[in-house]
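Chain by chain, the residues:
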Amino acid sequence: MSTQDPLLEVKNLHKHFGSVRALDGMDIRVNHGEIMSLVGDNGAGKSTLIKCLVGYHQPDEGDIYWRGEQVDFQNPDEALDAGIRVVYQDIGLADTISVARNLFIGSEPTRGPAGTLDVEKMHEEAADVLDEIGLKSLNDPSLPIENLSGGEQQSVKIGRALYFDADLLILDEPLRALSVKEGEKVLRTLKKTREKGVSMIYITHNIFQAYEVGDRFQLIDNGENAGEYAKDELDGPQQLVESLKYVAGGGDLDEFGDETDVAEGTT
Amino acid sequence: MSTTVANRRISQTKRILGRNPELAAVITVAAVTALFFILAPGTMSRLGVWGDIFRQTAVIGIVAILVSMLMIAGDFDMTVGANYAFSAMIFVWVINAGFDPILAALAALAFGLMVGLINGVLVTYTGIHSFIITLGGLFALRGSVLLVSGGTYVTLNREPASLAIFNTELGAQFSIAVVWMFVVLALIGYLTHRHPFGNHLYAIGNDRDTARGRGIRVTRTRIIGFMMTAAAASFAGILVAARFGSVQASLGEGMELVAIASAVLGGCALFGGEGSPLAGFLGALTFGVFQVGLTAIGAETAWFRFFVGVILIVAVIINRQIRGFPIQAN
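Rules and cut-offs
- Residues numbered from 1 in each chain as written.
- Chains lettered and ligands numbered in written order.
- Predicted model: local features only at pLDDT ≥ 70, side-chain atom pairs only at ≥ 80, totals over all residues.
- Helix = DSSP H or I, 4+ residues; strand = E, 2+ residues; numbered from the N terminus.
- Buried ≥ 20, exposed ≤ 12 C-beta atoms within 10 Å, placed from the backbone.
- Contact = placed C-beta atoms within 7 Å.
- Core = buried A, V, L, I, M, F, W, Y, C linked by C-beta atoms within 7 Å.
- pLDDT = per-residue confidence, 0-100.
- Axes fitted to C-alpha atoms, helices over the stretch in contact; angles between N-to-C directions.
- Parallel < 35°, antiparallel > 145°, perpendicular 65-115°, else oblique.
- Pairing = 2+ DSSP bridges.
- Expected span 1.5 Å × (residues − 1).

Enquirer: Whenever I open this one, the overall build of chain A confuses me. Can you help?
Expert: The number of helices and strands found in chain A is 10 helices and 12 strands. Evaluated residue by residue, chain A yields a buried proportion of 46% over its 267 residues. A separation of at least 24 residues holds for 69% of the contacts in chain A among residues at least 6 apart in sequence.

Quick look at the structure:
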């Protein structure tokens, strides 16, 4: 494998649910160290694509290449072992326990024959993670998750994925239900994460958020490719809006328009 | 800006309580104790009265500590009272049959573990809420107790020396049951706060899907929780049988509710994810102080139940008010 190869390449993916064509020949590509933003309206096939990618669903047709080699994940655990982690917006944290304990749920560090929790290590590592994701100000891994703001919680999930050596993070609408200010915190975390060379797929229906962090944009509509743009080819997010409006037949422009406020806040 | 400052201020209280969720329960115990010190200073300052309080607390405390642990994972065990009675009877029968009390205790504990296994398997495999499954278990088990005992009582016909493990006076009304309770508290406290098992319980109580997604064996962990809780009820039954030498068919009726009340008084949430074994102990201790205190001031015993209800409601309201809901900084 050379570093010229994309980290991930998906070719001609098809997935039908009964008579519904959720994916109809979809291609995506993620290069090393980039944030690829997958943009499409609700129901365009974004979630199905990700579920097929990590083995939650088996695609009907199509090939997936991970680090240049063809893969066929049978379940999300296999994808996880390969270094692909999905960060969901609404699940993934236990609200009432501390940041440090959340970081290690299910893979707690222990010491001694009784398997005692290595609380000291948990706190030290958690402090480092908070630092890395730009939440140093929080400075307290013993704080229960519920005391963190929504954006901080998203950032903790991202930090946890990084801690466990993810090579590719898939973020499914990470800013949904967050205020502008909170969204900014998460976007900052994503930018810091990219600096470490971690690649990401940023899934959103919000073009302006996509434009804010994305290096490359792939549009999806009706389970098909609806265009691909590198950021330096674009003059601004408006061009993406136009493209998507064109493929979506213009009917959904109002919905995208609603997000303009958010965009103004984030830029 | 002002909202941010306000949020910060509430957040500080929440920070303290977040890290010390038992603080409210400690304050409750202290307040109730102070009340009886004022009402009956002569009685409450005697060591023997405290021996009595701890003795009262020990048996229900052991059960409440485990019920609290189970509630962290979001589960209930309504069978503890009936299981307690049945196990106490097994303990008596096995000793009466000529076996050593240690063997008798193992037999009773084995019964308890079996009850817990059945509870756990039924709850996890049917997906029906544990409150309902174990409520059914409560009736079935209490019915069994009445059937096998003929509705009366069983009495120890001999007192082997090793019975002392479960029943020894330590002076000033303190008994060995108090020591056992602290052993249980230390052990369960360790498992809950200093072992991955506890972290898994909290994760399960918060959100089972998240726990499963992080690789926790949710079903197995919950079944173990049920088995440990049932074993604690059996152990409490052993202690009470060793102390009184006789077990009534009605022993432990309503214990399941007192244990849950203790857990909730100590700060356990009804829907899981919050609380600690210490909470169960502190809740049980509050009730113990009340029970002995009311006797000390010469009140009728019926007042005890009345005040259990009142304290429970007041404590939960105050706890809610202080802890509030998670604050989202907007």
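Read on for the rest.
Enquirer: What is the right way to read the nonpolar core from this model?
Expert: Here is a general trend for soluble globular proteins: nonpolar side chains tend to be buried in one another's company. Ile62, Val63 and Ala88 of chain B are the most contacted members of the largest nonpolar core, which has 176 residues in total. The residues contacting Ile62 of chain B, other than those within four sequence positions of it, are Trp180, Met181, Val184, Ala232, Phe235 and Ala236 of chain B.

Enquirer: Would you mind going over the confidence of the model for chain A with me for this structure?
Expert: Residues and elements named next belong to chain A. Mean pLDDT over chain A stands at 80; residues scoring 70 or higher make up 89%. Summarising per-element confidence for chain A, the mean pLDDT is lowest in helix H10 (residues 260-266) (40) and highest in strand S4 (residues 61-66) (91). Taken together, the stretch residues 250-267 has pLDDT below 50 and engages in 25 contacts with residues farther than four places along the chain or on a different chain.

Enquirer: Any chance you could explain the packing of helix H5 (residues 80-96) of chain B against helix H12 (residues 255-266) of chain B here in plain terms?
Expert: Relative placement of two packed helices is described by the angle separating their axes and the distance separating the axes. Residues and elements named next belong to chain B. Two elements in contact, H5 and H12, have axes separated by 6 Å at closest approach and are oriented at 125°. Comparing the axis directions of H5 and H12 gives the class oblique. Between H5 and H12, the contacting residues are Val80, Gly81 and Tyr84 on the first element and Met255, Glu256 and Ala259 on the second.

Enquirer: Can you walk me through the confidence of the model for chain B in this structure?
Expert: As a note on interpretation, predicted positions should not be read in detail where pLDDT is low. Residues and elements named next belong to chain B. In this model, chain B carries a mean pLDDT of 85, and residues with pLDDT of at least 70 account for 90%. Every residue in residues 1-10 scores below 50 in pLDDT, and together they form four contacts with partners more than four places removed in sequence or on other chains. Note that residues 325-330 has pLDDT below 50 and, in this model, 12 contacts with residues that lie over four places away or in other chains.

Enquirer: I tried to follow the sheet that holds strand S1 (residues 8-17) of chain A on my own but got confused; where do I start?
Expert: Sheets are built from strands paired through backbone hydrogen bonds, the pairs being either parallel or antiparallel. Residues and elements named next belong to chain A. Spatial ordering of the open sheet is given by S2-S1-S4-S5, a layout of four strands whose pairing is antiparallel. The strands lining the two open edges of the sheet, one partner per strand, are strand S2 (20-30) and strand S5 (69-71). Ignoring which end each strand starts from, the neighbouring axes of this sheet average 30° apart. Sheet topology places S4 next to S5; three bridges connect them, and they run antiparallel. Opposite Trp66, over in S5, you have Glu69 as the bridge partner.

Enquirer: Can you help me understand helix H13 (residues 277-296) of chain B in this one?
Expert: Residue and element names in this part refer to chain B. Under the 1.5 Å per step criterion, the end-to-end length of H13 is 29 Å for 20 residues, consistent within 8% with the ideal 28 Å. Most of H13 sits inside the fold, with 19 of its 20 residues counted as buried. Remark: Gly298 follows H13 within two positions and exhibits a positive phi of approximately 75°.

Enquirer: For this particular structure, what's the right way to read the sheet that holds strand S3 (residues 35-39) of chain A?
Expert: Residue and element names in this part refer to chain A. Taken in spatial order, the six strands of this open sheet run S6-S9-S10-S3-S11-S12, and their pairing is mixed. Whereas interior strands pair on both sides, the edge strands pair on one side only; in this sheet they are strand S6 (84-87) and strand S12 (224-230). Taking each pair of neighbouring strands and ignoring which way they run, the sheet shows an average axis angle of 20°. One ladder, built from four bridges, connects S3 with strand S11 (residues 216-221); its direction is parallel. Following the sheet pairing, Met36 is matched in S11 by Arg216. Those strands touched by helix H1 (residues 46-53) are S3, S6, strand S9 (168-172), strand S10 (199-204) and S11, and its axis lies near 150° from that of S9.

Enquirer: Just checking my understanding: could you explain the pairing of S3 of chain A for this structure?
Expert: Along any regular strand the residues' side chains alternate between the sheet's two faces. Residue and element names in this part refer to chain A. Across the five residues of S3, five count as buried, placing the element largely inside the fold. Both faces of S3 are covered, namely the face carrying Ile35, Ser37 and Val39 and the face carrying Met36 and Leu38. With five bridges joining them, S3 and S10 adopt parallel strand pairing. If you follow Met36 over to S10, its bridge partner there is Ile201.

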